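The primary structure of each chain is shown beneath.
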Amino acid sequence: MIFTFIIPLLFAIVTLLLRGDAYRVTRRRFLIAGALLHNACTLSIPFLHGEFSYKPFIDVDSLGFVFLILISVIFTATSFYSLGYFPLKRRSAEKESGGHIYVSCMLFFLAAMTLAVSTTQIGVLWIAIESTTLASAPLIYYRQNKRSLEAAWKYLLICSVGIAIALLGLFFVVASAKGLNVELSLASLISHAKGLDQKLFRLGFILVLIGFGTKMGLAPFHNWLPDAHSEAPSPISALLSGTLLNCALLGIIRFHQISLAAGLGAFSSRLLMIFGLISLVVATIFITRQKDYKRLLAYSSIEHMGIISLGLGIGANFASLLHVVGHSLTKALLFLTAGNILILYRSKNVSEVSGLLKTSPPTGILFVIGSLAIVGSPPFLPFISEFLILKTGIAGGHTIAMGLYLLCLGAIFVSISKAAFGMIQGKKKEYIWGELPKFMIAPQTVFAIAITLMGFYLPQYVAMLLEAAGRMLGTL
Amino acid sequence: MNWILIGIVLTTFIVLGSPRIVPRIKAVAVQGGLLSILQFIMRGTLFDIHSALLLAITLVIKTVVIPLLIFRSIKDVTQTVEKEQAIGSHLLLLMAALIAVLSFSSIRLLPLTSDVSLSPLLVPSALTTVLVGFLILVTKTKATNQVLGFLVLENGIFAFGMTIISEFPMMVEVGVLLDLLVGVFVMGIMIYQINKTFDNIDTKVLTALGDVE
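Asker: I'd like a description of the overall build of chain B, backed by residues and values.
Answerer: Within chain B, the secondary structure is distributed over seven helices and zero strands. The order of helices and strands in chain B, counted from the N terminus, is α-α-α-α-α-α-α. Counting across all 213 residues of chain B, residues that qualify as buried make up 55%. Restricting to contacts in chain B with at least 6 residues of sequence separation, those with at least 24 account for 73%. Within the structure as shown, chain B displays about 9,500 Å² of accessible surface, and the carbon and sulfur contribution to it stands at 71%.

Asker: Tell me about the pattern of salt bridges, and name the residues and values.
Answerer: Residue and element names in this part refer to chain A. Within this structure, the stated rule accounts for six salt bridges over all chains. Two residues, D61 and R254, come together in a salt bridge whose shortest N-O distance is 2.9 Å. Residue D61 is found in the loop between α2 (24-48) and α3 (62-91), and its partner R254 is found in helix α10 (residues 234-261); the two are separated by 193 residues along the sequence. Per residue, the accessibility class of D61 equals that of R254, and both read buried. In this structure, K154 engages E150 in a salt bridge whose closest nitrogen and oxygen atoms are separated by 3.5 Å. On the criterion of helical spacing, the pair formed by K154 and E150 is a turn pair, its members being four residues apart in helix α6 (residues 146-176). What makes K154 partly exposed here is its relative accessible area of 23%. Taking the relative accessible area as the measure of exposure, E150 reaches 1% and is therefore buried.

Asker: Run through unusual backbone geometry, naming residues and quoting values.
Answerer: Glycine aside, the phi torsion of most residues is negative, and most peptide linkages are trans. Residue and element names in this part refer to chain A. Of note, the bond from A219 into P220 is cis; its omega dihedral lies within 30 degrees of zero at 0°. Omega for the peptide link from P378 to P379 comes to 10°, which places this bond in the cis form. By secondary structure assignment, the location of P379 is in the loop between α15 (361-374) and α16 (381-395). Even without being a glycine, R346 presents a positive backbone phi close to 55°. Of the residues examined, R346 reaches a relative accessible area of 44% and is grouped as partly exposed.

The rules behind the values
Residues numbered from 1 in each chain as written. Chains lettered and ligands numbered in written order. Predicted model: local features only at pLDDT ≥ 70, side-chain atom pairs only at ≥ 80, totals over all residues. Heavy atoms only, no water. Helix = DSSP H or I, 4+ residues; strand = E, 2+ residues; numbered from the N terminus. Buried < 20%, exposed > 50% of the residue type's maximum accessible area, 1.4 Å probe, protein only. Contact = heavy atoms within 4.5 Å. Areas by Shrake-Rupley, 256 points an atom, 1.4 Å probe, with all protein chains shown as cover. Salt bridge = Lys/Arg side-chain N within 4 Å of Asp/Glu carboxyl O.

Next up, the structure:
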């Protein structure tokens, strides 16, 4: 288990030392090798039965495992995509650099995210989420121009302050356990949960929710997110949206677990619901009049984080986790495809893109599938999870929340489909760079097939895993 | 101990109120030093190797390394008296004073201070420092000042950490120090880049991104 964390870290340090253009190919090999080894180690976890783990510092439970698989899959896809994307980008007129920093930051980022999802020690969890910010800030600054600098500065400052608030919250949570003789592991806190000082724990939970919520992109702390997602290179946007937000989400889920065990489930659920709804509404407002398709996708991430938060709040645990899976895969698919569009049209404006289906049929088809899936139309996976959340919500009597939820989903459905279909239809545009390489089509194709098939049939093993993870959030 | 806490609050006010950048950075350095000593006292144990070492590390990082990093990042920036914040400095100081009054008067609301061995000033001072750090962050527009605001905020959180330091010493120290050191390092690089790209470090120039055209 520990190898999932050690290998990327080691590779990151090695690639940091390999400077200069001469080692470009070597660095790429390290990136791919790191991704594939991470896959192998992740897949071996269920068969190792807890060997090589250093509880509670490295301890993958079924909740963490869901997130770990997502990180591993999406990271591999983006690494392969990078192989096609960056050489093509360098050929275009834009002056772009990043060089040896890029690969090592990617690997550091992978290591930090892996640690964040595979620890149950809340101090280590906090450190890991903090390091994801630091590892990814240089990635957002990849283009090294004014706009990316602005995005990176906002990201760094807002998320650092957010994380600092989360630390304060952590102190309050720890202070609430004063005199109980607990360790800072999740298991220990949960088993002593009944004895926690409720007033302090409530304060702590609010602060943690605000802190990690900033990182997760919950409105009204989401300001960094559209800028960072639109200015980062597309593979990085895919990583940020598909995996980084999930890490912060898991941070919140961990404290929600403690809260449930402490008998404060109603309190934390209500907070999650409120922030989820605010995010949904804010995202809807900004999506409606969005002209930049990468920002559109970024706001859609805020929307989906809102949906997940709302789902957890109303107790639809299985559906929310399913939605985490669906959103991550779909959004990675969409951001990578957006990278293709950006290369083909060299513009982020929705109005300047048209005729995608004719210009590059594979990209066009992938974009159609992705857009349909993200707005929640059947038969794709996000539809199933959004529907399950709705069902649970209505069964639980949250009529007003569910009404608002449906209203927002409807408005977003209209806005995104309108933007997407404007981009797809129209006349063909001539290629500038020839055919897109395979590496820029294959990763998205895998995601597209996955979300389509999982919309029809959820494999038994996946369902079992998600149910086990959902049970960890069951009210005690 | 009370004198140290008063010193921490005062340095916070200097960071907020001083018109020049150099005294501000020095004030943050002094505040870091005061916090390291506070932490040493709070640990209670006299001279064991561990706490002496921690004192040395926190002192070096908070009073030497971080201020030097900031000094380095603004080396090429022309230093002038600044009139940059959105709100005038008198009003700003008044707001900070109000924050301090409210924090010190709301002391009974937070049940953190049930421990009699703690100074009753600890929690209000920490709260003041955190909130004024926020005030600095939102009202100043120069990148360096925002980093200083962030440092004050972190120092306040560190002071909060003193309430649990007897039980979880590592948690507090590792968390805060790691965060600060690496964070400021990355921010220092960014300030340098902002200066290089825009010829100044005022974040008011960072307005290209947004949803409204």
